[in-house]
Structure formats: structure tokens, C-alpha cells
Amino acid sequence: MTQNPQLTMALSKGRIFEETLPLLEQAGIVVTEHPDQSRKLILPTSRDDLRILIVRASDVPTYVQYGAADFGIAGKDVLYEYSKEHPGGLYQPIDLNIARCRLAVAVREGFDYEAAVRQGARLRVATKYVNVAREHFARKGVYVDIIKLYGSMELAPLVGLADAIVDVVSTGGTLRANGLVAVEDVMPVSSRLIVNQAALKTRAAVLQPILDAFEHATPSQG
Ligand code: ATP
Ligand code: PRP
Ligand code: MG
């Protein structure tokens, strides 16, 4: 009979998965199936006591907070947004310094954002990060109507759905390709290890060495 794995990690496929693989390897852990080659949502690893759940990036905090996963990796953009509705639920011990990007306000080229702000205009802002955006504009004293989207935010200003977006920017290539410009930084983003608080107490013996290995494998800042 196969034993139940003692530890479960939640990861999203794509860039976080790819950038986590080398960190896992430095911790002596090899993921034996790749989510691009497999439809399985629970992936085995070279360690019998560790399995990986493949979930949407914005669902990683939920799996970890409710204990369906003991730990996981999520971007600060996702964590900040999540924490506004679920304060204090997650232990976030290590900035892994991977999947680096920033959250920024962007508008159509030619839209005078500064003038609109100066004049106290009410702005329509499309974003998946509604809490982050609301807080950002409240801090600036700018009135906004937030429109929640789930992707392709860059489209919204082009078709008159919004004056501005709050979205992830890395190279700026997506903004350029769509005739948008970043006008304001909201926050720098990288991914953090997040840990279920109960697991940290009840499974410390197996969990802590993995957390330590991640800490040692983390690429340095800069
Ligand atoms: P989904 O595909 O489920 O809608 P997603 O688009 O947020 O989710 P990813 O693109 O894999 O999923 O992004 C995961 C995390 O990686 C984001 O939360 C953010 O922290 C970071 N990220 C997103 N886009 C970039 C980028 N272009 N460059 C670097 N890091 C990024
Ligand atoms: C992300 C994000 C931006 C883009 C920014 O998209 O949603 O659109 O990266 O990166 P850039 O500044 O380097 O162009 P992603 O590649 O994750 O595609 P998605 O729409 O599937 O999320
Ligand atoms: Mg994406």
C-alpha cells in the first residue's frame, strides 16, 4: 500500500513552476512529471513524502491557507490582493526573488494621466487586482471606478472600457505592442514562499528542512 505523502506543495504552471524547478533541484527534489506534458493535477516528486498540486496562480494562497497544501509559491501581486480579503492567514517567510516584475498603472499613449489626476477627474480603471488598485488610488486621493477583469487588461483602454489599467509589467513589451505606456509604479513584485500556519507547527520536522533549502537556493537580489 502506498503511504500518503506527508507534504503537499501548491504551484502554478508557467513561469513560477519553471523558476521553481531549479530551487527544488537545489533542495534535492526532482519533479518527475511536467505539467505541460501531463494532464495530472497532482505531480509526484523524487521524494515519496512530497507531492505538487498544479493550481491557478491566484488560487495558490487559498490552497495553502485552508491546508489543502502545506506550502506554495505565489507572486506578491496575488498575495497582496488575497490578503486584503483574508488578512493574516498566511506565513510568508521567504522572498524567492523569482518571477520578478512590477504592478503599474498604464494608459493609452496620448492620454494625459497627470492632467486627469490634477483636474480631479474620475477615472475608470480595469484590473484583476481590484483591492490593490483601490488602495493605490485612495492613497493618492484619486476617484476611481474599478472594473474587474480576469485577463487581457491591456485591451480595456483600447476599446473604451477603461481610462487606465493596473497590471503586471516586466519588459514592457505587452504595453508597447498595444500602444500603452506605464505612468506610475504601484509595487515591485517577486514571488514568495507561503506556508500554512498549522503545518508549520505540526509538520515542522519535515517542513523546516525544505524551507531552509529554499532559503539557501534563493537567487540573490539585484
Ligand atoms: P492565470 O494564467 O491563471 O490567469 P497568471 O497570468 O497570473 O494567472 P502567470 O502569468 O503564471 O499566471 O503569473 C504568475 C505570477 O508571476 C504573477 O502573479 C506575477 O507575480 C508573476 N508574473 C506575471 N507576469 C509576469 C511577467 N511577464 N514577468 C515576470 N513575472 C510575471
Ligand atoms: C503577463 C502580464 C502582462 C505581461 C507583462 O502576461 O499579464 O500582460 O506578462 O509582461 P511584459 O511587460 O514583459 O510584456 P503573461 O505572459 O503571463 O500572459 P497571460 O495573459 O496569459 O497572463
Ligand atoms: Mg500571466
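Residues numbered from 1 in each chain as written. Chains lettered and ligands numbered in written order. Predicted model: local features only at pLDDT ≥ 70, side-chain atom pairs only at ≥ 80, totals over all residues. Heavy atoms only, no water.

In the nomenclature of an unreviewed UniProt entry, the chain is known as ATP phosphoribosyltransferase of Advenella incenata. Within the UniProt record for the chain, the comment given under Function (unreviewed entry) is "Catalyzes the condensation of ATP and 5-phosphoribose 1-diphosphate to form N'-(5'-phosphoribosyl)-ATP (PR-ATP). Has a crucial role in the pathway because the rate of histidine biosynthesis seems to be controlled primarily by regulation of HisG enzymatic activity." (UniProt positions renumbered as here; feature names shortened; annotations may be inferred.)

Another point: helix α8 (residues 204–217). Under the 1.5 Å per step criterion, the end-to-end length of α8 is 19 Å for 14 residues, consistent within 8% with the ideal 20 Å. All of the buried residues along α8 are V206, L207, I210, L211, A213, F214 and A217. One side of α8 holds all its buried residues, which, seen down the axis, span an arc of 160 degrees. Summarising the geometry of α8, the exposed residues directed more than 90 degrees from the buried face are A205 and H216. (Helix = DSSP H or I, 4+ residues; strand = E, 2+ residues; numbered from the N terminus. Expected span 1.5 Å × (residues − 1). Buried < 20%, exposed > 50% of the residue type's maximum accessible area, 1.4 Å probe, protein only. Arc of directions from axis to C-beta.)

Our next topic: the nonpolar core. Formed by 29 residues in total, the largest nonpolar core has its most connected members in M9, I52, F71, I73, L96, L193 and F214. Of all the elements in the fold, those that place two or more residues in this core are β1 (7–11), α1 (15–26), β3 (50–54), β4 (71–75), β11 (191–196) and α8. At six residues, the largest contribution of residues to this core is made by α8. In this structure, C101, V105, V144 and V189 belong to the second largest nonpolar core, which totals 19 residues. (Core = buried A, V, L, I, M, F, W, Y, C linked by side-chain atoms within 4.5 Å.)

Here β1 lies mainly inside the structure; five of its five residues are buried. Where burial is concerned, the two faces of β1 agree: the one with L7, M9 and L11 and the one with T8 and A10 are both buried. Taken together, the five bridges between β1 and β3 define a ladder with parallel strand orientation. Residue pairing for β3: A10 is matched across the bridge by L53. Relative to β4, β1 runs parallel, the two being bridged by two bridges. Opposite M9, over in β4, you have F71 as the bridge partner. (Pairing = 2+ DSSP bridges.)

Strands sit in the order β2-β3-β1-β4-β11-β5 across an open sheet of six strands; the sheet is mixed. Two strands lie at the open edges of the sheet, namely β2 (42–44) and β5 (90–95), each paired on one side alone. Put simply, the sheet's adjacent strands are angled 30 degrees from each other on average, direction ignored. As defined by bridge partners, β5 adjoins β11 across four bridges and the pair is classed as antiparallel. When the sheet's bridge partners are listed, I94 is paired in β11 with L193. Packed onto the sheet, α1 meets β1, β2, β3, β4 and β11 and runs at close to 140 degrees relative to β1. (Axes fitted to C-alpha atoms, helices over the stretch in contact; angles between N-to-C directions. Contact = heavy atoms within 4.5 Å.)

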